[in-house]
Amino acid sequence: MRHVLSLLVENEAGALSRISGLFSARGFNIESLTVAPTEDSTASRMTIVTSGSEQIIEQITKHLNKLVDVIKVVDLNESDHIERELMLVKVMATGPSREELTRLVDIFRGHIIDVTENTYTIEVTGSGDKLDAFLRALKPDLILETVRTGVSGIARGGKATRI
């Protein structure tokens, strides 16, 4: 089963390396990883998407909690949460395909953020499923390049992960 783990970690050099090393040393896969500073300059939030049974996720969580750099670990799957991902897609946009692409971007509530004579660069934000659906809706031969940020997640409501 897919799990989204939200970690508060010390904002120090080597923290990311030690955490990703833990996954690699134990043969756990990281499907997505995002890291950024929080409102507290001494801490960063790390969002890790991984898969495994409940026992494996429990084992991962226990190992993470043993690391000195890790302040707190929360499995967002244990409660309602919101996930978002950002994708930038550069596509060929010439002739009649320009209008068709513009309509498709509007349907997916995306934005055309760069326009050249022959290309559009499109920004789409949403769940991974939405981004996948957008890519499927594009003609494959139009796609020049795709970049995705990975998942960012947060608990719904008043629940907050803090130091």
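Here is a short report on the structure shown in this document.

Quick notes on the overall build of the protein chain
Piece 1. The helix and strand tally for the protein chain stands at 4 helices and 9 strands.
Piece 2. Element order for the protein chain, N to C, with α for helix and β for strand: β-α-β-β-α-β-β-α-β-β-α-β-β.
Piece 3. Dimensions of the protein chain, computed from the C-alpha atoms along their principal axes, are close to 60 × 35 × 30 Å.
Piece 4. Within the protein chain, buried positions represent 38% of all 163 residues.
Piece 5. Pairs at least 24 residues apart make up 73% of the contacts formed inside the protein chain by residues separated by at least 6 positions.
Piece 6. Within the protein chain, the 23 negative side-chain charges are centred at a point lying 3 Å from the centre of the 19 positive side-chain charges.

Description of the packing of aromatic side chains
Piece 1. Applying the stated criterion across every chain, the model contains 2 aromatic pairs.
Piece 2. With a centroid separation of 6.3 Å and 80° between ring planes, the pair formed by F23 and F28 is classed as edge-to-face. Per residue, the accessibility class of F23 equals that of F28, and both read buried.
Piece 3. Pairing F108 with F134 gives two aromatic rings, centres 5.2 Å apart and planes at 80°, and the pair type is edge-to-face.

Some thoughts on the pairing of strand 7 (residues 119-126)
Within a regular beta strand, the side chains point alternately toward one face of the sheet and then the other, so they alternate between its two faces.
Piece 1. In terms of residue burial, strand 7 counts as a mostly covered element, since 6 of its 8 residues are buried.
Piece 2. Note that strand 5 (residues 81-92) and strand 7 share 8 bridges and pair antiparallel. Bridging from a neighbouring strand, M87 pairs with V124 of strand 7.
Piece 3. As defined by bridge partners, strand 6 (residues 111-115) adjoins strand 7 across 4 bridges and the pair is classed as antiparallel. Looking across to strand 7, one finds that H111 is bridged to E123.
Piece 4. Between strand 6 and the antiparallel strand that follows it, strand 7, lie 3 residues.

Section: empty space enclosed by the protein
Piece 1. Per the counting criterion, the structure on display carries 1 cavity of 30 Å³ or more.
Piece 2. What the largest cavity holds in volume is close to 50 Å³.
Piece 3. Lining the largest cavity we find S97, E100, L101, L104, A137, L138, K139 and L142.
Piece 4. Considering every element that reaches the lining of the largest cavity, the biggest residue donor is helix 3 (residues 97-107), with 4 residues.

Focus: the packing of helix 1 (residues 15-25) against helix 2 (residues 54-66)
Piece 1. It is the contact of helix 1 with helix 2, at a shortest axis distance of 11 Å, that shows an interaxial angle of 145°. Where helix 1 crosses over helix 2, the two elements pack in a sense that is right-handed. Residues I19, L22 and F23 of helix 1 touch helix 2, and the partners they reach there are I60, H63 and L64.

Digging into unusual backbone geometry
Piece 1. For R109, which is not glycine, the phi dihedral falls at a positive 55°.
Piece 2. Within the fold, R109 resides in the loop between helix 3 and strand 6.
Piece 3. Classification of R109 as exposed rests on a relative accessible area of 71%.

Description of the side chain of H3
Piece 1. Looking at where H3 falls in the secondary structure, it is placed in strand 1 (residues 2-10).
Piece 2. Here D75 takes part through its side chain, which lies 2.8 Å from a polar atom of the side chain of H3.

Quick notes on the environment of A15
Piece 1. Assignment of secondary structure puts A15 in helix 1.
Piece 2. Spatially, the C-alpha atom of A15 lies 25 Å from that of E54, the residues being 39 residues apart in sequence.
Piece 3. Residues contacting A15, with those up to four places away along its chain left out, are E10 and D69.

Cut-offs applied
- Residues numbered from 1 in each chain as written.
- Predicted model: local features only at pLDDT ≥ 70, side-chain atom pairs only at ≥ 80, totals over all residues.
- Heavy atoms only, no water.
- Helix = DSSP H or I, 4+ residues; strand = E, 2+ residues; numbered from the N terminus.
- Buried < 20%, exposed > 50% of the residue type's maximum accessible area, 1.4 Å probe, protein only.
- Contact = heavy atoms within 4.5 Å.
- Lys, Arg positive; Asp, Glu negative; His and termini not counted.
- Charge placed at Lys NZ, Arg CZ, Asp CG, Glu CD.
- Phe/Tyr/Trp six-rings, centres within 6.5 Å; stacked < 30°, edge-to-face > 60°.
- Pairing = 2+ DSSP bridges.
- 1 Å grid on protein atoms, 1.4 Å probe; cavity = no way out; pocket = protein on both sides within 12 Å on 5 of 7 lines; lining within 4 Å.
- Points joined across faces, edges and corners; volume = space filled by probe spheres on them.
- Axes fitted to C-alpha atoms, helices over the stretch in contact; angles between N-to-C directions.
- Left-handed = near helix turned anticlockwise from the far one by under 90°.
- Polar contact = N/O pair within 3.5 Å; in protein donor to acceptor, adjacent residues only side chain to side chain.

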